[in-house]
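Understanding the architecture of this molecule
Read off the chains here:
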Amino acid sequence: MAGLALALDLDGVLADTRPLWDAWLEDAARRARVALEVPEDREAAVVVLGEALGDWRPLLARFAADRAPLWIRPRADTNAVLRRLVAAGARIGVFSDAPRELAEIALAHAGATRLVEVVGTLGEVRAALGEDVVVVGSRAELVGLR
């Protein structure tokens with residue numbers, strides 16, 4: 001495993017952030033008393049949120065920190081595989097279309113922060129770990145790595 005670099009899809013492998021994101025959108029719209037029509041693609045949603053809510057990132061971070069335990073819990077089996085891979089010399093990155101604030105909180109609640117070298121978009125993870133990074137999209141794919 002030495003020299004192996006992995007890019008894990010946060011939502012597919014470690015923690016599905018979509019329910020938390022959707023709950024925050026609903027809460028933010030209610031609190032701001034605005035109809036939030038955001039695209040499904042969260043990278044595109046950032047622009048819409050900036051126009052509708054202004055500085056929305058601290059609001060998301062607070063909401064996610066308070067409510068992440070409702071949706072995200074560590075998975076002992078997944079974290080055991082990650083620990084084994086890291087101990088064998090693998091480098092781990094996590095990618096998501098979720099805003100970084102949400103991704104980092106989800107990663108912390110999944111119990112995997114200390115095992116991950118870089119968090120960002122797939123492009124950012126590839127830039128940090130190399131273009132030959134192995135992309136892992138599901139828990140089953142992660143478990144299948146030997």
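Quick summary incoming for the structure in this document. (Residues numbered from 1 in each chain as written. Predicted model: local features only at pLDDT ≥ 70, side-chain atom pairs only at ≥ 80, totals over all residues. Heavy atoms only, no water.)

1. Comments concerning the overall build of the protein
The number of helices and strands found in the protein is 8 helices and 4 strands. Tracing the protein from N to C terminus, the helices and strands come up as β-α-α-α-α-α-β-α-β-α-β-α. Taken against the 2.2 N^0.38 rule, which gives 15 Å for 146 residues, the C-alpha radius of gyration of the protein at 16 Å falls within 12% of a compact globule. Referenced to the eigenvectors of the C-alpha coordinate spread, the extents of the protein come out at roughly 50 × 30 × 20 Å. When burial is assessed residue by residue, the protein has 40% of its 146 residues classed as buried. For the protein, long-range pairs separated by at least 24 residues make up 79% of all intrachain contacts whose partners lie at least 6 apart in sequence. For the protein, the accessible area works out to roughly 7,400 Å², and carbon and sulfur atoms hold 52% of it. Positive and negative side-chain charges of the protein, numbering 18 and 22 respectively, have mean locations separated by a distance of 8 Å. (Helix = DSSP H or I, 4+ residues; strand = E, 2+ residues; numbered from the N terminus. Rg over C-alpha atoms; globule rule 2.2 N^0.38 Å. Buried < 20%, exposed > 50% of the residue type's maximum accessible area, 1.4 Å probe, protein only. Contact = heavy atoms within 4.5 Å. Areas by Shrake-Rupley, 256 points an atom, 1.4 Å probe, with all protein chains shown as cover. Lys, Arg positive; Asp, Glu negative; His and termini not counted. Charge placed at Lys NZ, Arg CZ, Asp CG, Glu CD.)

2. Some thoughts on the pattern of salt bridges
Evaluation of the coordinates by the stated rule reveals 10 salt bridges. One salt bridge connects Arg18 with Glu40, and the closest N-O pair in it is separated by 3.7 Å. Here Arg18, found in helix H2 (residues 18-32), pairs with Glu40, found in the loop between H2 and helix H3 (42-53); they are 22 residues apart in sequence, far enough to count as distant. Each member of the salt-bridge network shares a partner with another, and the members are Asp11, Arg18, Glu40, Arg42 and Asp97. (Salt bridge = Lys/Arg side-chain N within 4 Å of Asp/Glu carboxyl O.)

3. Here we look at the packing of aromatic side chains
Per the stated rule, a full pass over the model turns up 2 aromatic pairs. Aromatic side chains Trp21 and Trp24 sit 5.7 Å apart centroid to centroid with 40 degrees between the ring planes, which places their arrangement in the tilted category. With a gap of 3 residues between them, Trp21 and Trp24 both fall in helix H2, about one helical turn apart. Here Trp21 and Trp24 have matching classes, each one buried. For the ring pair Trp24 and Trp56, a centre distance of 5.8 Å and an interplane angle of 45 degrees mean the geometry is tilted. On the criterion of sequence distance, the pair formed by Trp24 in helix H2 and Trp56 in the loop between H3 and helix H4 (57-71) is long-range, its members being 32 residues apart. Look at Trp24 and you get buried, because its relative accessible area is 1%. Pairwise contacts between aromatic rings join Trp21, Trp24 and Trp56 into one cluster. (Phe/Tyr/Trp six-rings, centres within 6.5 Å; stacked < 30°, edge-to-face > 60°.)

4. Regarding H3
Since there are 3.6 residues in each turn of an α-helix, residues three or four apart along the chain are aligned in direction. Those residues of H3 that fall on the buried side of the exposure criterion are Arg42, Ala45, Leu49 and Leu53. Projection of H3 onto a plane perpendicular to its axis shows the buried side chains occupying an angular sector of 40 degrees, all on one side. Away from its buried face by more than 90 degrees, H3 exposes Val47 and Glu51. Buried residues along H3 sit in contact with helix H1 (10-14), H2 and helix H6 (100-109). A positive backbone phi angle near 75 degrees is found at Gly54, which sits one or two residues after H3. (Arc of directions from axis to C-beta.)

5. A closer look at the pairing of strand E1 (residues 5-9)
Across the 5 residues that make up E1, a large majority, 4, are buried. Looking at chain direction, E1 and strand E2 (residues 91-95) are connected through 5 bridges and run parallel. Looking at the pairing, Ala5 lines up with Arg91 of E2. Both E1 and strand E4 (residues 134-136) contribute to a ladder of 3 bridges, which runs parallel. (Pairing = 2+ DSSP bridges.)

Shape descriptors only; they carry no functional weight alone.
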